[in-house]
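Summary of structural features
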Amino acid sequence: MQLKTIKLENFRNYTDLALNFSPGVNVFLGQNAQGKTNLLEAIYVLALTRSHRTHLDRDLINWEAKTARISGQIERKTGKLPLELSLTGKGKKARMNHLDQPKLARYIGQMNVILFAPEDLELVKGAPQNRRQFLDREFSQMSPKYLYTANQYKAILKQRNQYLKQLNTQKAQDQVLLDVLTDQLIEYGSDLIQQRLNLLEQLDAAAAPIHQEITQGQEQLTLKYVSQLDIHELASLEQIQKSLRNRFQKLRPREIQLGTTLLGPQRDDIQFLVNEHDIAVFGSQGQQRTTALAVKLAEIELMHIQTGEYPILLLDDVLSELDSARQTQLLAAMQDRVQTFLTTPSLNDIASQLIKTPKVFQVSAGKITEIKTDDRDD
């Protein structure tokens, strides 16, 4: 999969920008606050219809404008596909192959991207919410079924929490509706948990050998799904449903008292074990970064397995956060397989040696110009 072109209109600090990209490595050089990250964000938003940096669409629109537009053409094995996303302060509209898409769920997954930024190095030791978002973001791109199930679950969870608040404040008395919402939550929640277990098992299988290679066979990485339920990795859908139902029955008085749902995949987590030890608790910063890198590289392979296409890789100023060995592993993994967009103040010696014939751009104050590789300053 490749992004051939992109056009930005009033997106962040780009009022009018059009670029053509290399199918290999595209490097964007420039100092901070010039627009390098904004460009990668635009590619991310074009793919996923939302930003990784803000929840407000208005933040993405140039302050002098009321609307913004991102358009691009991707090339897949099945051919070329134009994509377009229009943003306003009130919402967004997606077009695919010049046709309006009433549901964003049909649009998401046409263009697959993996973002690796400095904050992703905190995946291992950061908040559980970050790891849940990681699961939902990446798995939704790989599987339309996962995206549908996650969206249905979130919608019902929101309804159930609202009704629990009404029961808590005695604005509602009827617990029959709570039974209906609970049954629906169990249906979609158990499906979501099982899909997470299955996909995480595949991600684990892809990450383990990569981690071993980075650590020269000294460490064994295992990814473990952490749930409030008494279930194991091979649990059937019926077993997960039964476990959820039993726990919800016991938790009902407490949930009404607190006015919120206390159980479900929205509270689950991932544990990263290295040589059977929790790396978030017992690992060094170097081990935690190695684990995060191995998981990101494994995502590339898993997305290829699930979709039949390699994703587009976005590296946002991450090389400076990795030592030479980890840089080498990352750059070697993407070479000749994955279209890559890389931002950096300057290319260091490791990157220069490993990146073959990159297309290099200079970014300055919202303007991007292509520069000859022979003329760049390493």
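Details of the structure are given in the entry above.
Residue positions within a chain follow its written sequence, with the count starting from 1. With pLDDT at 70 or above as the cut-off, local features in this predicted model cover only qualifying residues; side-chain atom pairs require 80 or more to be listed or tallied, and sums for whole chains, interfaces and linings still use all residues. Where side-chain values are given, they derive from all heavy atoms of the structure, hydrogens and water being excluded.

The subject of this paragraph is the overall build of the chain. Under the DSSP-based scheme used, a helix requires at least four consecutive residues in state H or I and a strand at least two consecutive residues in state E, with every element numbered from the N terminus. A tally of regular secondary structure across the chain gives ten helices and 15 strands. The globule rule is 2.2 Å times the number of residues to the power 0.38, and the radius of gyration it is compared with is taken over C-alpha atoms. For a compact globule of 378 residues, the expected C-alpha radius of gyration is about 21 Å, and the chain comes in at 22 Å, within 12% of that figure. Along the first, second and third principal axes, the C-alpha atoms of the chain reach 70 × 55 × 35 Å. Buried means the residue's accessible area, taken with a 1.4 Å probe over protein chains only, is under 20% of the maximum for its type, while exposed means over 50%, and partly exposed covers the values in between. Across the 378 residues in the chain, those meeting the buried criterion constitute 52%. The contact criterion used throughout is that any non-hydrogen atoms of two residues lie within 4.5 Å. Considering only contacts within the chain whose residues lie at least 6 apart along the sequence, 69% involve residues at least 24 apart.

We now examine the pattern of salt bridges. Throughout this description, the term salt bridge denotes a Lys or Arg side-chain nitrogen within 4 Å of a carboxyl oxygen of Asp or Glu. If you walk through the whole model with that rule in mind, you get 21 salt bridges. Put simply, Asp100 and Arg95 hold a salt bridge, and the shortest N to O gap is 2.8 Å. A residue is classified by how much of its surface remains accessible, and Asp100, at 43% relative accessible area, is partly exposed. We note a salt bridge from Arg326 to Asp323, for which the minimum N-O separation is 2.4 Å. Here Asp323 falls in the partly exposed class, since its relative accessible area comes to 36%.

Turning our eyes to something else, we now look at the sheet that holds strand β6 (residues 91-96). Note: strands within a sheet are paired through backbone hydrogen bonds, in either parallel or antiparallel orientation. The strand order across the open sheet formed by six strands is β2-β1-β4-β5-β6-β7, and the pairing between neighbours is antiparallel. Among the strands making up the open sheet, the edge pair consists of β2 (14-20) and β7 (99-101). Neighbour to neighbour, the strand axes of the sheet diverge by 20° on average, direction disregarded. In terms of strand pairing, strand β5 (residues 79-88) meets β6 through six bridges, oriented antiparallel. Bridge pairing links Ser86 to Lys93 in β6. Only C-alpha atoms enter the line fits that serve as axes; for helices the fit covers just the stretch in contact. Angles between N-to-C directions range over 0 to 180 degrees. Its contacts with the sheet place helix α1 (residues 36-48) against β1 (2-11), β2, β4 (67-76) and β5, and it is angled at close to 110° to β1. Two strands are said to pair when DSSP picks up at least two bridges between them.

Next up on the list: the environment of Arg254. By secondary structure assignment, the location of Arg254 is in helix α6 (residues 237-258). The class for Arg254 is partly exposed, based on a relative accessible area of 43%. For the pair Arg254 and Gln228, spaced 26 residues apart in sequence, the C-alpha separation works out to 16 Å.

Here we come to the pairing of strand β10 (residues 269-274). For a regular strand, the rule is simple: side chains alternate between the two faces of the sheet. Within β10, five of the six residues are buried, which leaves it mostly tucked inside the rest of the structure. Across six bridges, strand β9 (residues 221-226) lies against β10 in antiparallel orientation. In the sheet register, Thr222 faces β10, and the bridge partner there is Leu273. Note: β10 against strand β11 (residues 277-278), two bridges, orientation antiparallel. Paired with Val274 across the strands is His277, a residue of β11.

Before going further, it helps to spend a moment on unusual backbone geometry. At His98, a residue that is not glycine, the phi angle is positive and equals roughly 70°. Inspection of the secondary structure assignment puts His98 in the loop between β6 and β7.

Now for the sheet that holds strand β3 (residues 25-29). Taken in spatial order, the six strands line up as β8-β12-β13-β3-β14-β15 in an open sheet, and their pairing is mixed. The open sheet has two edge strands with one neighbour each: β8 (113-116) and β15 (367-371). Put simply, the sheet's adjacent strands are angled 20° from each other on average, direction ignored. Taken together, the five bridges between strand β14 (residues 359-364) and β15 define a ladder with antiparallel strand orientation. Residue Phe361 lies in a different strand from β15, and its bridge partner there is Glu370. Each of β8 and β12 (312-316) is contacted by helix α8 (residues 285-307), which is oriented at about 175° to β8, the strand it contacts most.

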